[in-house]
There are 4 protein chains.
Amino acid sequence: MSDVKKVVLAYSGGLDTSVIVKWLQETYDCEVVTFTADIGQGEEVEPARAKAQALGVKEIHIEDLREEFVRDYVYPMFRANTLYEGEYLLGTSIARPLIARRLIEIADQTGADAISHGATGKGNDQVRFELGAYALKPGVKVIAPWREWDLNSREKLMAYCHQHDIPVDFSSKKKSPYSMDANLLHISYEGGILEDPWAEAEEDMWRWSVSPEAAPDTPTYIELTYERGDIVAIDGVPMKPHEVLEKLNTLGGDNGIGRLDIVENRYVGMKSRGCYETPGGTIMLRAHRAIESLTLDREEAHLKDELMPKYAEVIYNGYWWSPERRMLQAAIDETQKNVSGVVRMKLYKGSATVAGRRSDQSLFDESIATFEDDAGAYDQKDAEGFIKLNALRLRIAAGKGRRQD
Amino acid sequence: MSDVKKVVLAYSGGLDTSVIVKWLQETYDCEVVTFTADIGQGEEVEPARAKAQALGVKEIHIEDLREEFVRDYVYPMFRANTLYEGEYLLGTSIARPLIARRLIEIADQTGADAISHGATGKGNDQVRFELGAYALKPGVKVIAPWREWDLNSREKLMAYCHQHDIPVDFSSKKKSPYSMDANLLHISYEGGILEDPWAEAEEDMWRWSVSPEAAPDTPTYIELTYERGDIVAIDGVPMKPHEVLEKLNTLGGDNGIGRLDIVENRYVGMKSRGCYETPGGTIMLRAHRAIESLTLDREEAHLKDELMPKYAEVIYNGYWWSPERRMLQAAIDETQKNVSGVVRMKLYKGSATVAGRRSDQSLFDESIATFEDDAGAYDQKDAEGFIKLNALRLRIAAGKGRRQD
Amino acid sequence: MSDVKKVVLAYSGGLDTSVIVKWLQETYDCEVVTFTADIGQGEEVEPARAKAQALGVKEIHIEDLREEFVRDYVYPMFRANTLYEGEYLLGTSIARPLIARRLIEIADQTGADAISHGATGKGNDQVRFELGAYALKPGVKVIAPWREWDLNSREKLMAYCHQHDIPVDFSSKKKSPYSMDANLLHISYEGGILEDPWAEAEEDMWRWSVSPEAAPDTPTYIELTYERGDIVAIDGVPMKPHEVLEKLNTLGGDNGIGRLDIVENRYVGMKSRGCYETPGGTIMLRAHRAIESLTLDREEAHLKDELMPKYAEVIYNGYWWSPERRMLQAAIDETQKNVSGVVRMKLYKGSATVAGRRSDQSLFDESIATFEDDAGAYDQKDAEGFIKLNALRLRIAAGKGRRQD
Amino acid sequence: MSDVKKVVLAYSGGLDTSVIVKWLQETYDCEVVTFTADIGQGEEVEPARAKAQALGVKEIHIEDLREEFVRDYVYPMFRANTLYEGEYLLGTSIARPLIARRLIEIADQTGADAISHGATGKGNDQVRFELGAYALKPGVKVIAPWREWDLNSREKLMAYCHQHDIPVDFSSKKKSPYSMDANLLHISYEGGILEDPWAEAEEDMWRWSVSPEAAPDTPTYIELTYERGDIVAIDGVPMKPHEVLEKLNTLGGDNGIGRLDIVENRYVGMKSRGCYETPGGTIMLRAHRAIESLTLDREEAHLKDELMPKYAEVIYNGYWWSPERRMLQAAIDETQKNVSGVVRMKLYKGSATVAGRRSDQSLFDESIATFEDDAGAYDQKDAEGFIKLNALRLRIAAGKGRRQD
C-alpha cells in the first residue's frame, strides 16, 4: 500500500474526517492534503485549519465555493425542473461533482496521486465522488477508508481517537442521532428513527425551517426575476446566484417551506429513507415551472419533461461529469434562452404557490385564448379538420373492427 | 344538413346546452336525445329531466356514473402518478372518455346517427369528445354547435332564448364570471380576470376548498390503504372508489388542499390560464408515490416516471380510447400488483404531506439500509468494483484526452 | 379571394405546377412569382424559365441549392442515424424545410403576401411546406390548389390545359404510372400498382439503381473520412457535402444499394405504400454508425438511439423549423465533436457493409478488451462487486418472495 | 471456501469447462453437477455425458431446450424489433436467461447451494448469468472461476490439464483463433485479428453462411405467416418456433444473409469488436417490421420504437429476469394481438428484402390512400384545419419575434 505518496482529502473538520487524516497518514505512510469548502453548509470552515494543522497537515485548502456551486451546478440543474423519483431535489447529489473537481484540481496542483473522502460504502456519495474523480483524472488512486478499515462502529472510532490523541470533543453541540449533510441547497437527515418508514420525523430534527404550524399567520409575497432560466433578482433587487438561494432559504424556512420525507432508491441497490429541507429550492422549482409555462413552446416543454427523469437519474447516480449529462444539458439550455420574466410567489405555512407570472417573451396570447370575441384571431372551423385528421387512424381501425374499449 | 335523424346530446341542463337542444331541432330538423350524467359535479342531475321535457325531448337519459368514473378512469390514471406539464391532475380530461363512450352507447341503443356536445371550438374538450366518439363508432356524425352557429356572444344567446321561449333563469345562482367544469376529481375555472396570467385568482372564486389561511390550525392525519395501486380504505374503513374520492375531497377541501393556478398548453395550439381545485386528487397523488416508494422496484419506478409525461399527454389530448393508451396502461398496470400497504398523510393548511408508509410488500430492507452494523447483509467492498466498472468508460475517455468539464 | 396580390409558387416546370400558375392568376387575380430549385432531382431546372415566361410570369427564381441542401439539412439529420419507423431515410421530408424557407425569403424579397405549392391534400408534403412557412412568416397566406380546386382528375387537368393554352407535352418522356419525388438524397415512388402492398415493385420502376442481380459480381470498397460527424472525403479526396452525396449515389446505385419498399404511417392519419431509392444515404447511415461505434461514449450513444425516433417523427411530420427540432439537434450535435475517423465500406449487390473503421478519437482500447493478458489494465475482480450491487435490488425483491419468472 | 457443498455448472463439454469441473472439485472440495443444454449451437450435446462421467460427475443433466429457447425468449424479443445499438440482434444475450433459470432449477432439484459458469471477468455473460441467478434465487452462491483462479493463459490451462489427467484433445477440430458462442439465433466471433477494428474478418471465419459472393445467382422467395407477432408457418407449412428458426437459418445462410461486424459497448464499460452470423434472425427482423407496418397503429408503432432501445439494453445487460423487462414486455405484447398475416421475402446474396405483405388485420386502406378518386373517403379540406392548428404555436411564437431558422 506504500505506493501512495500524497493524498487530497475532502475534510470537513469533523470527527470522522479527522480520524481519516490520521488513518491515511498511518496506513499509507503518506502526506495528507486537506480540502475544506464552504458550499453553504452553515458552519464555519476556517476552524478546520487549526484542526488540520494539529493533525500535522501542511497543505491546507479552505475555499468559499458558494457562488460557483449555485451558478454552475444548482442553476443549470434547476433549468430542467429536476426531481429524482418525482420528489427529491438532489441537494446532496449536486454538490458532489464540484467537490470531486476541486479534489482533482488540488491533486494536480499539489502533485498528489490520490484522493480520499469520508463517504461510506453503502451510500451514493462514494459513487459520486469517485465517478467524478475518475472522469477528470483517470489514473487517480481513490482511497475510501470506510470501505477499507475496520472502524465500523462509534466505539472503535472513539478508541482510535483516544489511541491517536485526536480530540474527540470537536463540537460542543450534542451529537445528532441523524446522519446529516448540508449545503446551500439543502440539509438531509438519515438514520436513527428514520430507519422505520412508518415513523414520522420528530419536529426537533428539522434545522432550517420552522414547522408550517409555527410559521407566520399571514402570507409573504415575493417576486422573482428570471433571465434565460435563472433567477437574477428578488423583489427587483439584483443578486448573485448564491445570494438568491440564501435569501430564498431564509424566506422559505421562515414560512415552513421545503420539508420532504421520502423513501428513495439508491444507486447501490437499496432503498433508504431520507428527510430533506430545501426551502429555497422548493420555491425555485415551482417558480421556474411558472415562468416556463409562459415562455416555453409546448413541444419543447413536453420534451423537457420526458428527458427530466433521465437527467435526474444521471445526476443522482453521480454522472455529472459525463457525456450524457453534457448532451442533456445542451438540449435543456437550448430551451432557456427565452425563459425570462417575473414570477410572483405566495409563501404560506409550508406552501409555495404561484400568484402571477409575466414576461416580455410570453407566448400566452390573450387575443387568441379569450372566451370573448377574438376578432378572427382563431378560426374555430379549423378545429374540425384538426380533429378529423387526428381521428383518422382511429376511425380506420374501428372501421376494421378493432375495439378500443 | 337534413341527413341527421337523431342526435344524442351531452346535456347539462344549463343554458348553453338547452339552447343547443333547440338549435339542433331547428337546424337539423332532427330528434334530440339528451344524456345527463352525475359524475360528481356537485349539482343535481334530475332537474335536467324536466328541462329537457320542456324542450320537447322524448328520450332522456340520466345516469349516476360516479362509481364507474372513479373506478375505471380516475384510478387507472392515478396508478401512473399522472401530471400534465408537471402540475395539472387532468380533472377535466379524464371525464371526457367516459362521456364519449356513453354518448356512443346511447346512440347505438336509440338508433341515433349523430352526437353533439357543448364544447367550444377553441378548447380541448371538443377534441376529447370527438376523438373518443370516432374511435368507438367511426361512422358517427358529430355536431359541434359552437363551431357552426353564429351565437358567439352572450347577447346573441339571450336573444335566441327569448325568441325560442327558452327560460333564461335556469339557476338562481349569480352567473359566475368564470367558465367552469366540475366532476368528482376537480373543478376548473377559466376566463374572466384569469385571462391575465399576472392577476391572482380572487378568493371567492374557489368553491370546493377553504383558503389555507382559513383552514384549521391543527393538522388532520389520515391513513389510506392501498391494494394493487388503488385506495380501498380510509382510516381502515373500506370504501368504493368514488366514496374514497368524495371523502378525500371533503378532507382536502376542509384543509385548504388542492388549489392550482397554471398556464397550460392546449392541444389546439394556444396557451391558456386555468385554476383548478383537486383536493382529493392532490392527496392521492402524494400518497400513491409514497406507497410506491416502498413497494416498487427502482427500475420500474424510473421507467414509469419516463413514460408518465407521454401518458399524461395522451389523456390530455383526448386519446384515452387509443392503442397507445392501452399499451401504456398495460405497462403501468403490470407494475402495480405489489403496490399495497398503508400511507399516513398529514393534511394542514394547504399541504398534504406523507407522515409514514408501511407495506407487507415493502422492498425497504432495514437490515441492509441501516447505518448500524448490518451483520454482513451488504459487503461494502462490493462498492469498489461497482464504481470501478461504472467508471471504466469515463476513465478510458479521459485517458484518451476527452474532457468532461 | 381578391386579397392576395402576389404569390410565390414552388414551381417544378411540370404540368401540374404549370396549371397552378394559370389557376392562381385566374382565381386570385394575382401576380405569380415562380421558384424552381435544383436540389439534385436530376432534371435540368433552367427549362422552367421559358415555361414560366410563357405563362406570363415576370419574377422567376431559379437556384442551385444542392450544397446548402446537403450541408444544412441532410448532414445534420444523418448525425442522428435518423430512420422513420425503423426504415425510411426521410428523403422527401428533409427537402421540404429548405423549399419552405426559400419560398418565404422570396416572398419577403418580392413583397408577396402568399405562397403556393403543388402538394395534394392527402399527403405529408402540404403539412411540411405549410408548417415551415407559418413558422417562418406567421402571417403568410398559403394557397394549396389541390385542396381548393375541382381539377381532381387527369381528364379535368387536361381539359383545363386545353382551355388555357397550356402546352401539355411538357416532356417527351412517357408519363410514369407512379407519383415520384426526387432530390439528392432519394427518389420516391407511390401510387399505381404500389397501392397493393402485396404487389412487388416492377424492376423498371427503379431509376437510380441497378438491381442487385444486375450489379457487378465483384465488390467495391471505399473509404469515407468523417470529421465531427460529417463525411468530408471519399477515398481520401476532400469533397463538399453535395459532392459526397452525388458520388455515393453513383457508387451505391451501381451496386444495387438503397432500394426500400415499405408501408408507412402518414402524419395525416393514413397508411401509404412507398418505394424509395436512397443509394448514398444507405451507405452513409451504416458508415456513420460505424464511426460512432468507435468514438461515441456508450451512454451518449444509447441516449441518441432513444431520442432518434422522436427526432425522425419531428422531421417526417414537418417540424424542422421548430423549437423541439432545435432542442434535439443541440443534443445530437453535442455528441459529434469527436466523431472523426475513417470507415471502410464494402458495396456488393445490394448490401453496404462495414469492412473496417479507425479513428484518432477511438475509445476502443485493445489493451483492455483483449482476450490475451491485459497487464492489469482491467481487474476482473471488480466485476464481482459490479454484479453484486447491480443484483442487489433483484435479490432483495426475490428474498421478499417476488418472482421474476 | 469449504461452505459450498454442491455446485451446478453450465458445462459445454469443452476444455475450459472441463477444467472448471476439476478445479471446483479441488478448490471447493464439493460435488459438481453438470448441466449441458442443446440450444441449437450445432454440436452434439450427448458426448458431454461421457466427459463429465470421466471427471467424476455423478449428476449429469443434458437437455434439449431448443423449442423453449425460441418460443419463450427469441420470439418475445423479436416482437419488439429489438436491436442493441442499432445493429446487434442479441443472439448471445437472449440465451443467458434460459441457462440461468435452468441452473437455478437444477440447483433447487439437486439441493445444490451454488452455481458456476465459464464466462470471463471481462464480458457481459458473467453479468447475465449471475443477475439471472440472483434474481431467481437470491441466496445462491455464484462461483466464477475465471475471476478467481490464476489459470489466465492457455499455457497454464494446459499445464493444469496435464497435471490433472484431463484429456486435452477434446476435439479433433483445429482450435479456432476466435472466441465463439453459438445457439439457434446466432454464432458470434471475438478476439484474434478482430481485436483490430480496422481489420476485415477473414472469409473462413464465418461458419453458418456462405459469402454473398458465393450465394446463388437467383433469388429465393419465401412467405412467412404471422400470428399475433410470431411466425407460425413458412411457405404455408406450420412449424414450431425452433423449426421456423432452423429453417430460416438454412435459407438465410445459403443466401449469404445475416453477417454483421460491429464494435459494441459492453455493460462492463469497454468497447469490443464482434462479428455475428444471424441468418434467420435477420430475415425475421425485417419481416416482422413489414407485418407490423400493415397491422400496427401509428402511435403504438412509434411508441414501440421509442421503447425498443431501452428494452434492448435491458436484455443486453442481463436483466431479462427483472421487473423492468416484464413491464416493457407487457407493453410490447399488448400491441401484438393484431400482428397477423403473411410477408413475402426475397433472399439474395446477402440481402433480405420485403417483396409483399398482406393481412386480414391490415389498417392499410386503399380507398383512402389512393391517388385516384376516393369517393369522399377523405376530405382534403380537413387538412387545412389540421395544419392551421398544428401551426398555431409556431405562428404565435413567430409573431412574437421568435426565429426558428
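Residues numbered from 1 in each chain as written. Chains lettered and ligands numbered in written order. Predicted model: local features only at pLDDT ≥ 70, side-chain atom pairs only at ≥ 80, totals over all residues. Heavy atoms only, no water.

Observations concerning the interface of chain D and chain C
Taken together, the 105 residues of chain D in the interface contact 105 residues of chain C. For the pairing of chain D and chain C, the buried interface totals around 9700 Å² over both sides, and the portion due to carbon and sulfur atoms is 54%. In this structure, the connection of chain D to chain C is made through 10 salt bridges. The tally of links from chain D across to chain C stands at 44 residue pairs in polar contact (both at pLDDT 80 or more). (Contact = heavy atoms within 4.5 Å. Buried area = accessible area lost by both parts, 1.4 Å probe. Salt bridge = Lys/Arg side-chain N within 4 Å of Asp/Glu carboxyl O. Polar contact = N/O pair within 3.5 Å; in protein donor to acceptor, adjacent residues only side chain to side chain.)

Observations concerning the relation of the copies chain A and chain D
By a simple turn and slide, chain A fits onto chain D: the slide is 0.0 Å along the axis, the RMSD is 0.0 Å, and the turn is 180°. Such a combination of rotation and displacement between the chain copies is what one expects of a two-fold axis. Proximity to the rotation axis, assessed at the C-alpha, singles out F386 of chain A in chain A; its C-alpha lies 1.8 Å from the axis. A share of 100% of the interface residues of chain A reappears at the interface of chain D, consistent with the copies meeting face to face through the same patch. (Least-squares fit on C-alpha atoms with pLDDT ≥ 70 in both.)

What about the pairing of strand 9 (residues 230-234) of chain D?
All names here are of chain D. Of all 5 residues making up strand 9, 4 are buried, and the element is well covered by its neighbours. As paired strands, strand 8 (residues 220-227) and strand 9 are joined by 4 bridges and run antiparallel to one another. Each bridged residue has a counterpart across the sheet, and for Y226 the counterpart in strand 9 is I231. Between strand 8 and the antiparallel strand that follows it, strand 9, lie 2 residues; R228 among them carries a positive phi value of about 50°. With 2 bridges connecting them, strand 9 and strand 10 (residues 237-238) associate as antiparallel partners. Among the inter-strand pairings, I234 is bridged to a residue of strand 10, identified as V237. Hairpin geometry of strand 9 and strand 10 is characterised by an intervening segment of 2 residues between the two adjacent antiparallel strands and by a positive phi of about 50° at D235. (Buried < 20%, exposed > 50% of the residue type's maximum accessible area, 1.4 Å probe, protein only. Helix = DSSP H or I, 4+ residues; strand = E, 2+ residues; numbered from the N terminus. Pairing = 2+ DSSP bridges.)

Observations regarding the UniProt feature "binding site: L-citrulline" (unreviewed entry) in chain A
All names here are of chain A. Here the UniProt-annotated "binding site: L-citrulline" (unreviewed entry) positions come out as Y88, S93, N124, R128, S179, S188, E264 and Y276. Within the fold, S93 resides in the loop between helix 3 (66-78) and helix 4 (96-110). Setting aside residues no more than four positions away along its own chain, S93 makes contact with Y88, R128, I315 and Y316. Inspection of the secondary structure assignment puts S188 in strand 7 (residues 187-190). With a relative accessible area of 6%, S188 lands in the buried category. Ignoring any residue separated from it by four or fewer positions in sequence, one finds S188 in contact with T92, S179, M180, D181, C275 and Y276. (UniProt positions renumbered as here; feature names shortened; annotations may be inferred.)

Considering the side chain of S359 of chain B
Residue and element names in this part refer to chain B. Structurally, S359 can be placed in the loop between strand 14 (351-358) and helix 12 (366-369). Engagement of the side chain of S359 in a polar contact is seen with the backbone oxygen of S340, the distance being 2.5 Å. From its side chain, S359 meets the backbone nitrogen of Q361 in a polar contact 2.8 Å long. Every residue in contact with S359, bar those within four places of it in the chain, is listed here: I291, L294, T295, S340 and G341.

Brief notes about the environment of W23 of chain B
All names here are of chain B. By the secondary structure assignment, W23 is in helix 1 (residues 15-28). Residue classification places W23 among the buried residues on the basis of a relative accessible area of 8%. As a C-alpha pair, W23 and D181 span 158 residues in sequence and 22 Å in three-dimensional space. What W23 contacts, discounting residues up to four positions off in sequence, is Y28, I143, P145, E148, W149 and Y160.

Some words on the pairing of strand 12 (residues 271-277) of chain C
All names here are of chain C. Taking burial as the measure, the 7 residues of strand 12 include 7 buried ones, the bulk of the element. Side chains of strand 12 alternate between two faces, with K271, R273, C275 and E277 and S272, G274 and Y276 buried alike. Where strand 7 (residues 187-190) lies against strand 12, 3 bridges are found, and the strand directions are antiparallel. Across the sheet, residue I187 finds its bridge partner in strand 12, namely E277. In this structure, strand 11 (residues 259-265) lies alongside strand 12, joined through 7 bridges in antiparallel fashion. Across the sheet, the residue bridging to N265 is K271, located in strand 12. Counted between consecutive antiparallel strands, the loop separating strand 11 from strand 12 contains 5 residues, among which G269 sits at a positive phi close to 110°.

Some thoughts on the packing of aromatic side chains
A complete count under the given rule lists 50 aromatic pairs over all chains for this structure. With a centroid separation of 3.7 Å and an interplanar angle of 5°, the aromatic rings of Y84 of chain A and Y316 of chain A are classed as stacked. Taken together, the residues Y84 of chain A in the loop between helix 3 and helix 4 and Y316 of chain A in helix 10 (residues 298-316) connect sequence positions 232 residues apart. Put simply, the rings of Y267 and Y319 of chain A, F386 of chain B, F386 of chain C together with Y267 and Y319 of chain D touch in pairs and so form one group of aromatic residues. Against the face of Y316 of chain C rests R128 of chain C, its NZ or CZ located 4.8 Å from the ring centre. (Phe/Tyr/Trp six-rings, centres within 6.5 Å; stacked < 30°, edge-to-face > 60°. Lys NZ or Arg CZ within 6 Å of the ring centre and 35° of its normal.)

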